[in-house]
Amino acid sequence: MRIDQVGPERHDQGSIRCSYVDESMQAGVPVMAFFYRERLDGDRVAQGLARALTDFPAFSGRFAVRDHALYIDPSPDGVRFEEQESQHSITGLMAAARADDHQALVPRLSVRRMLRGSEPLMTARLTNAPDGSVLAFAFTRAIGDLTSAMLLLRAWSKACRGLDYDRPLDVPDRHQYLLERLPDPSGAPANLRLYSTGEMLRVARYATTRKRRVALHFDWHELDRIRQAASLQRIVSRNDALCAHALLTLRQLETRTPRQQLSISMNYRRQLDLPANLMGNLLSTVNVSVRPGSVDLATLAADIRQGIEDFAERPDYLATARLLSTHAGPVERSRCLPVTADPRACALVIESWSSNGLYDLVFQSQRPSMFLPCGSRVAPFMGGCGESPARSGLVLSLY
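Residue positions are given per chain, counted from 1 along the sequence in the order it is written. In keeping with the model being predicted, local features are shown solely for residues with a pLDDT of at least 70 and side-chain atom pairs are shown and tallied solely at 80 or more, while totals for entire chains, interfaces and linings include all residues. As a convention, hydrogens and water are excluded, and side-chain values are obtained from all of the structure's heavy atoms.

Student: Any chance you could explain the pairing of strand β14 (residues 347-352) here in plain terms?
Tutor: Walk down a regular strand and you will see the side chains alternate between the two sheet faces. Buried residues are those whose accessible area, probed at 1.4 Å on protein chains only, stays under 20% of the maximum for their type, while exposed residues exceed 50% and partly exposed ones sit between those limits. Counting from the N terminus, the helices are DSSP H or I runs at least four residues long and the strands are E runs at least two residues long. Buried residues dominate β14, accounting for 5 of its 6 residues. Note on pairing: DSSP must find at least two bridges between two strands before they are called paired. Strand direction decides the pairing type here: strand β11 (residues 261-267) and β14, joined by 5 bridges, are parallel. Paired with Gln 261 across the strands is Ala 347, a residue of β14.

Student: How do you make sense of the pairing of strand β17 (residues 393-398) when you look at a structure like this?
Tutor: The buried fraction of β17 is high, at 6 of 6 residues. Two elements, strand β10 (residues 214-219) and β17, share 6 bridges in a ladder whose sense is antiparallel. Within the sheet, the bridge partner assigned to Phe 218 lies in β17 and is Leu 394. Taken together, the 5 bridges between strand β16 (residues 382-387) and β17 define a ladder with antiparallel strand orientation. By the bridge assignment for β17, Glu 387 is matched with Leu 394.

Student: Is there a simple way to explain the packing of helix α8 (residues 220-230) against helix α9 (residues 238-253) in this structure?
Tutor: A pair of packed helices is characterised by two quantities: the angle between their axes and the separation of those axes. Between α8 and α9, the shortest axis-to-axis distance is 9 Å and the interhelical angle comes to 85°. Here α9 runs roughly perpendicular to α8, going by the angle between their axes. Contact residues: α8 offers Trp 220, Leu 223, Asp 224, Ile 226, Arg 227 and Ala 230, while α9 offers Arg 238, Ala 241, Leu 242 and His 245. Any residue outside Ala, Val, Leu, Ile, Met, Phe, Trp, Tyr, Cys, Pro, Asp, Glu, Lys and Arg is labelled polar, Gly included; the first ten of those are nonpolar and the last four are charged. When the residues that make up the contact of α8 with α9 are grouped by side-chain class, the tally is 6 nonpolar, 1 polar and 3 charged. Every axis in this analysis is a line fitted to C-alpha atoms, fitted for helices over the stretch in contact. Angles between the N-to-C directions lie between 0 and 180 degrees. Note on angle classes: values under 35 degrees are labelled roughly parallel, values over 145 roughly antiparallel, values of 65 to 115 roughly perpendicular, and the remainder oblique. Residue contacts are counted whenever heavy atoms from the two residues lie within 4.5 Å of one another.

Student: What exactly am I supposed to notice about helix α6 (residues 174-181) here?
Tutor: An α-helix turns once every 3.6 residues. As a result, residues three or four positions apart point the same way. Of all the positions in α6, only Arg 174, His 175, Tyr 177 and Leu 178 are classed as buried. Summarising the axial view, the buried residues of α6 lie within an arc of 160°, below the 170-degree limit, and thus occupy one face. Buried residues in α6 make contact with β2 (16-17), α1 (20-24) and α11 (317-325). Where α6 begins, the side chain of Asp 173 points an oxygen toward the backbone nitrogen of His 175, at a separation of 3.2 Å. Summarising the geometry, the arc corresponds to the directions from the helix axis toward the C-beta atoms. By the criterion applied in these results, polar contacts are pairs of N or O atoms within 3.5 Å in which, for protein atoms, one can donate a hydrogen and the other can accept it, and in which residues neighboring in sequence qualify only through two side-chain atoms.

Student: I would appreciate a short explanation of the state of the cysteines in the present structure.
Tutor: Structurally, a disulfide amounts to a covalent bond that connects the sulfur atoms of two cysteines. Working definition: a disulfide is two cysteine sulfur atoms within 2.5 Å of each other. For the structure on display, the rule yields 0 disulfides. There is no disulfide at Cys 243, and the cysteine sulfur nearest it, in Cys 385, is 6.2 Å away. Cys 336 takes part in no disulfide bond, and the closest cysteine sulfur to it belongs to Cys 18, at a distance of 16 Å. Judged by its relative accessible area of 2%, Cys 336 falls in the buried class.

As structure tokens, this is what we get:
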């Protein structure tokens, strides 16, 4: 196995202060795997990463804690890039990823060592199979959300082909930037809450329980029919309709205690007129509860669409910042989690990947034949919705 430290081509960036939401996401380490039907050139992939990291210093930095705030400091050590050979076919590697055996594709990152400044914030591995390659990478969510990760991936893809790419906007103080630009409506609820010790134990026990992932494919004709049925009260999007359909289906299966809440993870850059290339976690959730006595697709889908529209009038960043500022200690801060993290909340949590261009990541001359998110430590009934590999519809993955 080849192991390199890949750093940016130049080091002229300063420290970045994380936002409160970035800090709350530091324990999250998602893994993204892209499967290609032809073998990739490891040297070209590593060189493209070095070029892209020059404009994305947060990914190659190191954590530092100063004055109770989390910073990302520039580091010449860069990220860990590995290349390995595998005797398994691409299909076999896909099966391992589906079974959440993601350590076969990318090394584990230690959050504890990251917070001590001794671990990179991102790692990548190129696995060459006899019939193709897998490019997988893991990163701490404190760097940014899926939109931030896709900005890097698109730049990396184009840098490998010698093309120009879009630069990100990463401000020196993300928290102050948002304080100055986001409204503070009265009555907006915080997006997190303080968990008790007993609740944290329950969350930890559930997080370490092995789960099964079920992937459901909906072709465009099916989605159009679901959307048509869901639009009887008002026009809703495909995602609105599919999320409502998923919750109502689960409720039919859960005859004893049907779940009452749907939480949709939302990137709010567009709703709040923030730059599309702004780095960080510009995330919140729209929470919709089933109305008593009214359990139908059109009502639930309309409530989802209304909740998304209402968020622009009542963003929760400043309310969440106030909550976290009153719990500034590291132990208390680690206990501030989304309400949906509690297994007893009985919420269905769905994150959408369908508009991020995951199948547009061309390395050398080919697009990925499959994208898989990996990792087994997930909240109860958390899922994701994204395009199918052949772009024949959407795939809803649920744990």
